[in-house]
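# Observations on chain architecture
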Amino acid sequence: MKKFFPVRGHGDHRLSIKALVDTLTEEGHIPAGTAAAFLIPARTSAHGKTHPFNAIAPQGWRSQINDELIDVEWLGHWLGAKVGLAWFHIDPLKIDVASVSGVLSHGYASRYGILPIAVDATSATLATAEPFVRDWEDELSRILKREIKRVMANPEDIARFLPEFYNLSRFVKQAVAQSGTQNNLANFEQLVQLGRTGNVDANDHHIVALVDWLFQYAFTQRASDIHLEPRREAGHVRFRIDGLLHAVYQVPPTVMNALISRIKVLGRMDLAEKRRPQDGRVKTKTPDGREIELRLSTMPTAFGEKLVMRIFDPAILVRDFAALGFGPDEQQRWQGYVRQPHGIVLVTGPTGSGKTTTLYTTLKQLATEEVNVCTVEDPIEMIETSFNQMQVQPMIDLTFAEGVRTLLRQDPDIIMVGEIRDRETADMAIQAALTGHLVLSTLHTNDAPSAVTRLLELGVPPYLVSSTLVGVMAQRLVRTLCPHCKQPGTPLEAEWNALVAPWKAALPKTAYKAVGCLECRNTGFLGRIGLYEMLSISNELRRLVASVAHPGLIKEQAIKDGLKPLKLAGAQKIAAGLTTLEEVMKVVPSDFD
C-alpha cells in the first residue's frame, strides 16, 4: 500500500498496473485469481506505454461490492477519492481553448502529460492522469504566479485534446502573425473598407488547417449547423447540437474573415461580394470516411459577413421511418399518402422541424428505376443521385412556378416542390396533380388542418383543394432523453391534463426526467425525434373544404377522422419514456383547442 500511496517528498512515480490491480483485489472489487491471470499478459504487453486505466478497463470486470462496471470513469472516481483529486470529464465545448493554451507551452504540457482546462487571475487548473507525478507543480506555480489546482482525467482524452488544443491555438496565432495586425474594428464605416485592406490570406496554410479542423470537429460533435459570427472584438464560432447552440471558440476578426473567405472559396461563392447574401455548398468527408454535404449561407452584418453552414448527412436518407419517430399507425398513413398515383401531399412545420429530412427520406424510397422523380428547390438541400434536382434562380426568373412548369414537360411521375409560397406556385402544383402526378411540398403552418386554410388564403379555389389534396402531415422535433442517465419521475397531473385535454389520455404510470451524464454533456438529452400529426382527406372533409367551412369545423372533422394532434403525439412520446413534458410544450402549438 505504501508504494501505491506514497508520502509526499519520497519521490514522484507513475501509476502501475500491478499496484492498481493489487489494491482492487485487497478491497474486494475483483477476485485474486482474476487479477493474477491478468497481470502476466499485462506486464508483457504494456512495455510501460499503456496507462493502467486503459489496460484494466477493457477487461470488463465488475465490482464484487456494488456490481458496477470497472471502466475508466469508475477507476478515475475510485482513485480520485483516495488521493483527494476530483475526476474531470474533458468536454472541449466547455473549455476556453484560447485562454488555457496560453498557460504553458505545448512541450512542457506534453512532457508531463498535463492539460490546462481553466485559468483565471489567481489560479490555473490542470488535468492529469498521473496523480503521483507532481514535480512540475511547484515550478509551474512560481512561473505563472498562480495557485495550481489539479484534477484527474481520462488519459485517452488528455492524449487526444492536448495536441488538438495547442495546434488550434498555434494555427490562429500564426495566422494573426501572417496578417501583421490585429485590426480591431470599431464601427460599420471601418468595416466597409475591410475588403480593401491587407488581411490574412484565405489560402494561407494555417487557415486551411483551421477550416479542416472546424469541419472535422463539427462532425465528431454531432453538430447540425456551424455558425461563424463576426463581432467587434472577436469572431465567435458556435455549433448547434440537438437544437441548441454551443460556443466553441473565439478568433481575432482578421482570422474570422479569412476563415469565411476560405469557406466561400470551397463553396464556389463570389469572394469579392460581401454586401449581398450568397448561397453555396461544400461536399467533404467525416473522420470515418462518410460523405457529408454542407449548405452555406452568408449574410452581411455590421462587423462583416456572417456564415452559417447546415450539415446534411446522406446516411439519414437510408434510415427507416421508425428511426425518424414514426409510429406504426403514422407510418402506415404516410405510406398511404405517398403511394397514391396522383394528388398533393403536404408537410408543414416551422424551419428546423425536420421537413426536409422527411421529404428526402420519402423520395429516396419512391425513386425506383420505374419512376421519374424530379424536384425544384430553393436551394437544393442535399444532392441525391437517384432523382433529378433543379434549383430556383430568381435572377433569371426561374421561380418555383416556372420550375414546376418546366418539370411537367420532363415526363415526371413524382414532383417535389420545395415550398408553396404564392398563388402561382400553388396553381402549378394543383395543375400537376390534376394531370396525373404526385406532388409533394411544404407549407409553414402551425398544424395540419391549417394547411387547408393556407391554400384557400393563397387564392386556390376550394373545389380544387378538395379534389387534389391527399393528405397533410405537420411535424416538430423534440430532444430525446439520454438513455444512459434518464430516471423515473411522474409529471404533475394538472400539467398532463393541460397537454392532452380534451383527448383524456391516461396519465403514464412512469414518465422519465432528464438528469445529465457524460454521454449527453450533462444536458439529459441525446438526439432528437419527430412528432407527427396526420390529416387524411375523407369524403366529409372534402365536402367541408369545398363549401369553405370555418377552420374550426375542419379541425373537428379531422379529429373525427382519426387525426392525432401534435400534443397527443407528444404525450405518447412522454409515455414511452422518450422525452419530457417540458420538451413537448416548447414545440407544440398552443392554439389547438
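Refer to the structure printed above.
Residues numbered from 1 in each chain as written. Predicted model: local features only at pLDDT ≥ 70, side-chain atom pairs only at ≥ 80, totals over all residues. Heavy atoms only, no water.

## Description of the overall build of the protein chain
- Scanning the protein chain from terminus to terminus reveals 23 helices and 18 strands.
- Taken along its principal axes, the extent of the C-alpha atoms in the protein chain is 90 × 65 × 45 Å.
- In the protein chain, which comprises 593 residues, the share counted as buried stands at 51%.
- The long-range share in the protein chain, meaning contacts at least 24 apart out of those at least 6 apart in sequence, stands at 65%.
- Accessible surface, the protein chain: about 27300 Å² in total, of which carbon and sulfur atoms supply 52%.
- Between the centroid of the 65 positive side chains of the protein chain and the centroid of its 66 negative side chains there is a distance of 3 Å. (Helix = DSSP H or I, 4+ residues; strand = E, 2+ residues; numbered from the N terminus. Buried < 20%, exposed > 50% of the residue type's maximum accessible area, 1.4 Å probe, protein only. Contact = heavy atoms within 4.5 Å. Areas by Shrake-Rupley, 256 points an atom, 1.4 Å probe, with all protein chains shown as cover. Lys, Arg positive; Asp, Glu negative; His and termini not counted. Charge placed at Lys NZ, Arg CZ, Asp CG, Glu CD.)

## Re the packing of helix H13 (residues 328–338) against helix H14 (residues 355–366)
- Where H13 meets H14, the axes come as close as 12 Å, and the angle between the chain directions of the two elements is 65°. As H13 runs across H14, the sense of the crossing is right-handed. Contacts from Trp334, Gln335 and Val338 in H13 reach Thr358, Thr362, Gln365 and Leu366 in H14.
- Per-class residue counts for the contact of H13 with H14 are three nonpolar, four polar and no charged. (Axes fitted to C-alpha atoms, helices over the stretch in contact; angles between N-to-C directions. Left-handed = near helix turned anticlockwise from the far one by under 90°. Nonpolar A, V, L, I, M, F, W, Y, C, P; charged D, E, K, R; others polar.)

## Examining the pairing of strand E2 (residues 123–128)
- Within E2, six of the six residues are buried, which leaves the element mostly enclosed by the surrounding structure.
- Relative to E2, strand E1 (residues 114–119) runs antiparallel, the two sharing five bridges. Looking at E2, one finds that Pro116 is bridged to Leu126.
- The antiparallel hairpin formed by E1 and E2 contains three residues in its connecting segment.
- Bridge count between E2 and strand E3 (residues 147–152): six bridges; the pairing is parallel. Paired with Ser123 across the bridge in E3 is Glu147.
- Each parallel crossover has a hand, and the one from E2 via helix H7 (residues 137–144) to E3 is right-handed. (Pairing = 2+ DSSP bridges. Right-handed = clockwise from strand over helix to strand, strands pointing away.)

## Description of H14
- Relative to the 16 Å expected for twelve residues at 1.5 Å per residue, H14 spans 17 Å between its end C-alpha atoms, a close match to the ideal helical length.
- For H14, the complete set of buried residues consists of Lys355, Thr358, Leu359, Tyr360, Thr361, Thr362, Leu363 and Leu366. (Expected span 1.5 Å × (residues − 1).)

## So, unusual backbone geometry
- The linkage connecting Asp378 with the following residue, Pro379, adopts the cis geometry, with an omega of -10°.
- As for its position among the elements, Pro379 is in the loop between strand E11 (373–377) and strand E12 (388–391).
- The residue Asp67 is not glycine, and still its phi comes out positive at about 65°.
- By the element assignment, Asp67 lies in the loop between helix H3 (52–56) and helix H4 (72–83).
- On the basis of relative accessibility, which here comes to 49%, the residue Asp67 falls in the partly exposed class.
- Despite not being glycine, Arg268 has its phi angle at roughly 55°, a positive value.

## What about the nonpolar core?
- Core analysis: the largest hydrophobic core is formed by 67 residues, its most contacted members being Ile226, Leu228, Phe239, Leu294 and Met309.
- Not counting residues up to four positions away in its chain, the partners in contact with Met309 are Leu214, Phe215, Ser224, Asp225, Ile226, Leu228, Ile263, Leu294, Arg295 and Leu296.
- Core analysis: the second largest hydrophobic core is formed by 56 residues, Leu407, Ala426, Leu531 and Ala569 among them. (Core = buried A, V, L, I, M, F, W, Y, C linked by side-chain atoms within 4.5 Å.)

## Details of the sheet that holds strand E10 (residues 343–348)
- Read across the sheet, seven strands follow the order E12-E11-E13-E14-E10-E15-E18 without closing on themselves; strand pairing throughout is mixed. Each end of this open sheet is capped by a strand with a single partner; those strands are E12 and strand E18 (525–536). Neighbour-to-neighbour, the strand axes of this sheet turn through a mean angle of 20°, independent of strand direction.
- Bridge count between E11 and strand E13 (residues 414–417): four bridges; the pairing is parallel. Bridged to Val376 within E13 is Val417.
- Set on the sheet, H14 makes contact with E10, E11, E12, E13, strand E14 (438–443), strand E15 (469–481) and E18; between it and E14 the angle comes to about 170°.

## What about the pattern of salt bridges?
- One pass over the structure, following the stated rule, counts 28 salt bridges.
- For Lys364, the salt bridge is made with Glu384, and the minimal N-O distance between the two is 2.9 Å. Placement of Lys364 in helix H14 and of Glu384 in the loop between E11 and E12 is noted, with a sequence separation of 20 residues between them.
- Its relative accessible area of 9% is what places Glu384 among the buried residues.
- Residues joined in a network through salt bridges with shared partners are Glu229, Arg231, Arg238 and Lys306. (Salt bridge = Lys/Arg side-chain N within 4 Å of Asp/Glu carboxyl O.)

## Observations regarding the sheet that holds strand E5 (residues 235–241)
- Overall, antiparallel pairing links the six strands, which are arranged E6-E5-E4-E9-E8-E7 in an open sheet. Of all strands in the sheet, those bounded by a partner on one side alone are strand E6 (244–251) and strand E7 (279–285). Within the sheet, the average angular offset between the axes of one strand and its neighbour, ignoring direction, is 20°.
- Bridge count for E7 against strand E8 (residues 291–301) is seven bridges, and the pairing is antiparallel. Bridge pairing links Thr284 to Ile292 in E8.
- Contacts between helix H11 (residues 253–266) and the sheet are confined to strand E4 (225–229), E5, E6, E7, E8 and strand E9 (304–312), with E9 contributing the most and set at about 50° to the helix.

## Looking at the packing of helix H15 (residues 400–407) against helix H16 (residues 423–434)
- With their axes 8 Å apart at the nearest point, H15 and H16 run at an angle of 20° to one another. In this view, H15 runs roughly parallel relative to H16, as classed from their interaxial angle. The interaxial crossing formed by H15 with H16 has left-handed handedness. Contacts between H15 and H16 involve Phe400, Ala401, Val404 and Arg405 from the former and Glu424, Thr425, Met428 and Ala432 from the latter.
- Of the residues assigned to the contact of H15 with H16, the class counts are five nonpolar, one polar and two charged. (Parallel < 35°, antiparallel > 145°, perpendicular 65-115°, else oblique.)

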